[in-house]
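# Report on the structure
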Amino acid sequence: MNKYHLRVLYASHYTDVVIADGVDVNARGDYQFWKFENDSATTYNVAHYPIHRTIIETIEYGTEEG
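These remarks concern the structure in this document. Every value quoted in this text rests on a predicted model; they were computed, and no experiment measured them.

## Description of the environment of serine 40
- Here serine 40 lies in the loop between β4 (30-36) and β5 (43-50).
- Between the alpha carbons of serine 40 and arginine 28 there is a distance of 26 Å; along the sequence they are 12 residues apart.

Pasting the structure below:
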């Protein structure tokens, strides 16, 4: 599990933390955060943010949270 620290830029900005196994970029231009389902090869989405308004500031790899 990884911990992604984000800064989201809109009229103002805010920070968020997403706990996920990984992140991909989807066809709509979003960061798509996902987790493994029950330790299998199947995944499910836990969050998505628009790339043009989101900065992944840091990633903590191998966290035990989630």
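Still more ground to cover, so stick around.
## Some details on the sheet that holds strand β6 (residues 54-60)
- Spatially, the 3 strands line up as an open sheet ordered β2-β1-β6, and their pairing is antiparallel. The sheet is open, and its two edges are formed by β2 (13-20) and β6, each paired on a single side. Within this sheet the neighbouring strands show an average axis-to-axis angle of 20°, counted without direction.

## Details of the packing of aromatic side chains
- If you walk through the whole model with that rule in mind, you get 3 aromatic pairs.
- Ring geometry for phenylalanine 33 against tyrosine 49: centres 6.2 Å apart, planes inclined by 80°, an arrangement best described as edge-to-face. Note that phenylalanine 33 is positioned in strand β4 and tyrosine 49 in strand β5, a separation of 16 residues in sequence. Of the two residues examined, phenylalanine 33 and tyrosine 49, each falls in the buried class.
- Ring plane angle 75° and centroid distance 5.1 Å describe the contact between tryptophan 34 and phenylalanine 36, whose orientation is recorded as edge-to-face.
- Since its relative accessible area comes to 16%, tryptophan 34 is described here as buried.
- Here the aromatic cluster, defined as three or more aromatic residues joined through ring pairs, consists of Tyr4, Phe33 and Tyr49.

## Considering the nonpolar core
- Ranked by size, the top nonpolar core spans 9 residues in total: Tyr4, Leu6, Val8, Val18, Ala20, Tyr31, Phe33, Ala47 and Tyr49.
- When residues of this core are traced back to their parent elements, those giving at least two are β1 (2-9), β2, β4 and β5.
- When residues of this core are assigned to their parent elements, the largest contribution, 3 residues, is made by β1.
- Not counting chain neighbours up to four residues away, the residues in contact with tyrosine 49 comprise Leu6, Val8, Tyr14, Asp16, Val18, Gly29, Asp30, Tyr31, Phe33 and Thr54.

## Some points on the sheet that holds β4
- The 3 strands lie next to each other as β3-β4-β5, forming an open sheet whose pairing is antiparallel. Single-partner strands in this sheet number two, and they are β3 (22-25) and β5. Going across the sheet, the axis of each strand differs from the next one's by a mean of 30°, ignoring polarity.
- Bridge count between β4 and β5: 7 bridges; the pairing is antiparallel. Paired with phenylalanine 33 across the two strands is alanine 47, which belongs to β5.

About the thresholds
- The numbers attached to residues start from 1 for each chain and follow its sequence in the written order.
- For this predicted model, a pLDDT threshold of at least 70 governs which residues receive local features, and a threshold of 80 or more governs which side-chain atom pairs are given and counted, while totals over whole chains, interfaces and linings are taken from all residues.
- Side-chain calculation: all heavy atoms of the structure are included, whereas hydrogens and water are not.
- Helical segments are the DSSP runs of H or I of at least four residues, strand segments are the runs of E of at least two, and each set is numbered from the N terminus.
- We call two strands paired when DSSP finds no fewer than two bridges between them.
- Helix axes are fitted to C-alpha atoms over the stretch in contact, other axes to C-alpha atoms as well, and angles between N-to-C directions run from 0 to 180 degrees.
- Aromatic pairing here means that ring centres of Phe, Tyr or Trp (its six-membered ring) are within 6.5 Å. Orientation follows from the plane angle: under 30 degrees is stacked, over 60 is edge-to-face, and everything else is tilted.
- Each residue's exposure class comes from its accessible area (1.4 Å probe, protein chains only) as a fraction of the maximum for that residue type: buried when under 20%, exposed when over 50%, partly exposed otherwise.
- Put simply, a nonpolar core is a bunch of buried Ala, Val, Leu, Ile, Met, Phe, Trp, Tyr and Cys residues held in one set by side-chain atoms that sit within 4.5 Å of each other.
- Residue contacts are counted whenever heavy atoms from the two residues lie within 4.5 Å of one another.

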